[in-house]
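Spelled out, the chains give:
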Amino acid sequence: MVYHQEFEGAGQQAGLQVWRVEKLDLVPVPESQYGGFYNGDAYLVLNTVKQRSGRLQYDLHFWQGEECSQDESGAVAVFTVQMDDHLGGAPVQYREVQGHESRTFAGYFKAGLKYMKGGVASGFRHVETNEVDVQRLLQIKGRRVVRATEVPMSWESFNQGDCFILDLGQEIIQWCGSHSNRFEKLKAILVSKGIRDNERCGRAELHICDEGAEPEKMLEVLGVKPDLPESPSEDTKIDRANRKLAKLYKVSSASGEIEVTVVAEENPFSQDALQSGECFILDNGANGHIFVWKGKDADSAERHAVVETSEQFIQKMGYPRHTQVQILPQHGETPLFKHFFKVWREADDTVGMGTGYVSNQIAKIEKVPFDVSQLHQSEAMAAQHGMVDEGIGEKQIWRVEGSDKVLVDPSLYGHFYGGDSYIILYNYQHSNGQGQIIYIWQGAESSQDEVGASAILAVQLDEELGAGAVQVRVVQGKEPAHLMSLFGGQPMVVHKGGTSREGGQSEVADTRLFQVRANPAGNTRAVQVEAVASSLNSNDVFLLVWPDGCVVWEGQGSSGTESQGAQSLAGLLDLTASSLKEGKEGDEFWDALGGKDDYCTSTRLKKELDADPPRLFSCSNKSGNFQIEEVPGEMTQDDLAPDDVMILDTWDQVFVWIGEEAHEEEKTEGMASAASYIETDPSIRDPGIPIVKIKQGFEPPTFTGWFLGWDQSYWSSDPLERAMEGLHV
């Protein structure tokens, strides 16, 4: 097995890791620069997820820029195979091409993908933290997968339909075209803030301007603004009826050239067709997606050649270069792949009275000519935040009081109150020495003055430390995975309101309810929610505290990690909690919550949640064509755009969410699209699956329960205005 020093720390803990190919070697990319890619380079991206079962799952992506050299493209493919070997052949591999990334890949970078010109061969390096000698123009496109592409620094690059970021180092100007909408401006702000907070450590000035109100500095750099064109349409009609069409091929390369033999002309396929001693291709290529399945007993040379095999297959079929490729090891299949089969049984599933299920080893095959079929398939996603370490470094926490900061008693570390803002200094070790992160946590009910002071105090602290720390602003309810890991295995507790400052504590409510959820890294967050029955959720654990008792309520789909987190929370509150399984509640429990009520229930257990995770789609006709697009990354309330219709698929039912500002056509097409979505699912779903239509502001608990810490007052003020206010803090 080939060894590389970078493999040593790969996949050892949950989180994201990124490497760039430099002079045919593998070099790690600093976490503060994740999401930025040079178009002349190749990258290797590994995402490690801890599943509810406790097993580690690996997604390994090799990304190629549009101007990447043949040598670097070949090198990253070789590193992919070698890292796959190092991780025991367990990773699902993805081939990614600039501008056509999979939803899984895009989901890691919720704030957007940035494409910069150049690469290693051109002498370009990733922008250094705090570097001020920068001049670049980024064009922002996409409502769901946000892509920031470096374009020539000229008015000729502009149009009225998009947002642009003029990055001048110490000054960042976001320009919004007159035809760009509020949701697109909001997504562009995420990119702008990411540049300011991550690349400049919060020290750059950030300005937002609309077309026609350009600041002097912008005109000084770009010259007088000419008349600009409207945004060109890049939309294409999609035939959703074809998305379930696929073919299954057996692959052989014994003669030195790829040979494919059709196993099945149409899906759903039989799992028995997949033989452990062979490799197979499931072909969706005409619509941009193919899967390569590696049998565990397949010839070693064939298994190692799967990347090359997929490239040859794409060429032979005449598919575009940017066709997405997933390479799947036996027993590591993704939900999307399994959906193309009639029935999918895991190796440890049993049938009848407990007989172990073993797939047949013989499949009838027939050689036929190649055939190209049309379909469109969206990708299943797994979006996770990066982790610089396991959270075992030194930390100090201050609470903002007025214009000053006050040290928090270490015994209260891990408790955050909605009426406060905090500054957390974290020190950690890495291969190049010591690193520092300054988290700025801003409570939802913290005063605007203290929210502003938190940012100023963080900059002052950074300067005292030598101006090398990365600053991360965190809004209540949006805590990143690494911040959640800092409290020694104890849950991070987010109290709904109040304050922890001396003499100013709010009176604790008689009845409190905390929702406890684990992230893929195995860390838990406990969010205080309204103490009513409708706040419950079958897929989570809740701690209920009332004058006469304290119980840990365990939903059917919750995990042991979440139960442990809830018990730890009870200990932190100096309480002893008994355990209560969903369905075993007595009158006392419901009385404490003000009476029994409907809540988000589901019969889906842990294994089923891993197999069929919830998926969120937006429906829009902003471009004149009605389109459905999957939302990448972890689902948040921020993803629900008031000017769109959204489809939430929770497997046993499908929700159609109607935004207040959605067009009439979108409202009408949304219901029809939900029915079409079920009908064209590759796994042949029951057409009788319930479709639930709901309106913004009237969401039932069966919908809100899929979103952690749903905020009923979220739309009481404009999200864009809130984001704009946050730019000045």
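Structural notes, computed from the coordinates. (Residues numbered from 1 in each chain as written. Predicted model: local features only at pLDDT ≥ 70, side-chain atom pairs only at ≥ 80, totals over all residues. Heavy atoms only, no water.)

1. Side note on the overall build of the protein chain
Piece 1. The secondary structure content of the protein chain amounts to 15 helices and 36 strands.
Piece 2. Per-residue burial over the protein chain gives 57% buried out of 729 residues.
Piece 3. The contacts of the protein chain with a sequence gap of at least 6 include a subset with a gap of at least 24, amounting to 69%. (Helix = DSSP H or I, 4+ residues; strand = E, 2+ residues; numbered from the N terminus. Buried < 20%, exposed > 50% of the residue type's maximum accessible area, 1.4 Å probe, protein only. Contact = heavy atoms within 4.5 Å.)

2. Looking at helix H13 (residues 664-679)
Piece 1. Between its first and last C-alpha atoms H13 spans 23 Å; for 16 residues at 1.5 Å apiece the expected length is 22 Å, and the two agree.
Piece 2. At Gly670, H13 shows its maximal kink, close to 30°. (Expected span 1.5 Å × (residues − 1). Bend = angle between axes of the 7 residues up to and from the residue.)

3. Side note on the sheet that holds strand E12 (residues 205-210)
Piece 1. Across the sheet, seven strands lie side by side as E3-E7-E9-E8-E10-E11-E12; this open sheet has mixed pairing. Across the chains shown, the open sheet's two edge strands, defined by having one partner strand only, are strand E3 (36-38) and E12. Going from strand to strand, the sheet's axes swing by 20° on average, the running direction of each strand aside.
Piece 2. Relative to strand E7 (residues 113-116), E3 runs parallel, the two sharing three bridges. (Pairing = 2+ DSSP bridges. Axes fitted to C-alpha atoms, helices over the stretch in contact; angles between N-to-C directions.)

4. Quick word on the nonpolar core
Piece 1. Leu26, Leu44, Leu46, Met83 and Phe313 are the most contacted members of the largest nonpolar core, which totals 36 residues.
Piece 2. Those residues in contact with Met83 that lie beyond four places of it in its chain are Phe7, Ala10, Trp19, Leu26, Leu44, Leu46 and Leu60.
Piece 3. Formed by 19 residues, the second largest nonpolar core is a distinct cluster that contains Ala246, Leu248, Phe269 and Leu336. (Core = buried A, V, L, I, M, F, W, Y, C linked by side-chain atoms within 4.5 Å.)

5. Observations regarding the sheet that holds strand E5 (residues 56-64)
Piece 1. The ten strands are arranged E2-E1-E4-E5-E6-E17-E16-E15-E13-E14 in an open sheet whose pairing can be described as mixed. Each edge of the sheet is formed by a strand with only one pairing partner; in this case those strands are strand E2 (25-28) and strand E14 (259-264). Across the sheet, the axes of successive neighbouring strands diverge by a mean angle of 25°, strand direction being ignored.
Piece 2. Relative to E14, strand E13 (residues 247-252) runs antiparallel, the two sharing five bridges. Considered in E14, the bridge of Leu248 is made with Ala264.
Piece 3. Sitting on the sheet, helix H6 (residues 306-317) touches E5, strand E6 (92-97), E13, E14, strand E15 (279-284), strand E16 (289-294) and strand E17 (324-329), and the angle it makes with E16 is about 140°.

6. What about the pairing of strand E4 (residues 42-50)?
Piece 1. Most of E4 sits out of view: eight of its nine residues are buried.
Piece 2. The sheet contact formed by strand E1 (residues 15-22) and E4 spans six bridges and is antiparallel. Paired with Leu16 across the two strands is Asn47, which belongs to E4.
Piece 3. Looking at chain direction, E4 and E5 are connected through nine bridges and run antiparallel. Residue pairing across strands places Lys50 opposite Leu56, the latter belonging to E5.

7. Some words on unusual backbone geometry
Piece 1. In the Ramachandran plot, Lys23 falls in the positive-phi region, its phi being about 50° despite a non-glycine side chain.
Piece 2. Within the element layout of this structure, Lys23 appears in the loop between E1 and E2.
Piece 3. Residue His331 is not a glycine yet carries a positive backbone phi of 75°.
Piece 4. Mapping His331 onto the fold places it in the loop between E17 and helix H7 (335-338).
Piece 5. On the basis of relative accessible area, His331 is assigned to the partly exposed category, the value being 43%.

8. Description of a negative patch on the surface
Piece 1. Taken together, the side chains of Asp548, Asp587, Glu588 and Asp591 present a region of like negative charge at the surface.
Piece 2. With respect to the element layout, Asp591 can be found in helix H11 (residues 587-592). (Patch = residues over 30% accessible without salt bridge, like charges linked within 9 Å, V, L, I, M, F, W, Y side chains within 5 Å. Areas by Shrake-Rupley, 256 points an atom, 1.4 Å probe, with all protein chains shown as cover. Salt bridge = Lys/Arg side-chain N within 4 Å of Asp/Glu carboxyl O. Lys, Arg positive; Asp, Glu negative; His and termini not counted. Charge placed at Lys NZ, Arg CZ, Asp CG, Glu CD.)

9. Describing the packing of aromatic side chains
Any two aromatic rings considered together are summarised by their centre-to-centre distance and by the angle between their planes.
Piece 1. Scanning the entire structure with this criterion turns up 31 aromatic pairs.
Piece 2. Measuring from ring centre to ring centre gives 6.3 Å for Phe105 and Tyr108, while their planes differ by 65°; the resulting arrangement is edge-to-face.
Piece 3. Exposure remark for Phe105: the relative accessible area of 0% places this residue in the buried category.
Piece 4. Among the residues examined, Tyr108 registers a relative accessible area of 7% and is labelled buried.
Piece 5. Ring plane angle 45° and centroid distance 5.2 Å describe the contact between Phe416 and Trp441, whose orientation is recorded as tilted. Remark: Trp441 occurs in strand E24 (residues 433-442) and Phe416 occurs in strand E22 (residues 415-417); sequence separation between them is 25 residues.
Piece 6. Among the aromatic residues, ring-to-ring pairing joins Phe37, Tyr43, Trp63, Phe105, Tyr108, Phe109 and Tyr115 into one connected group.
Piece 7. Note that Lys405 overlies the ring of Trp398, its terminal NZ or CZ placed 5.3 Å from the centroid. (Phe/Tyr/Trp six-rings, centres within 6.5 Å; stacked < 30°, edge-to-face > 60°. Lys NZ or Arg CZ within 6 Å of the ring centre and 35° of its normal.)

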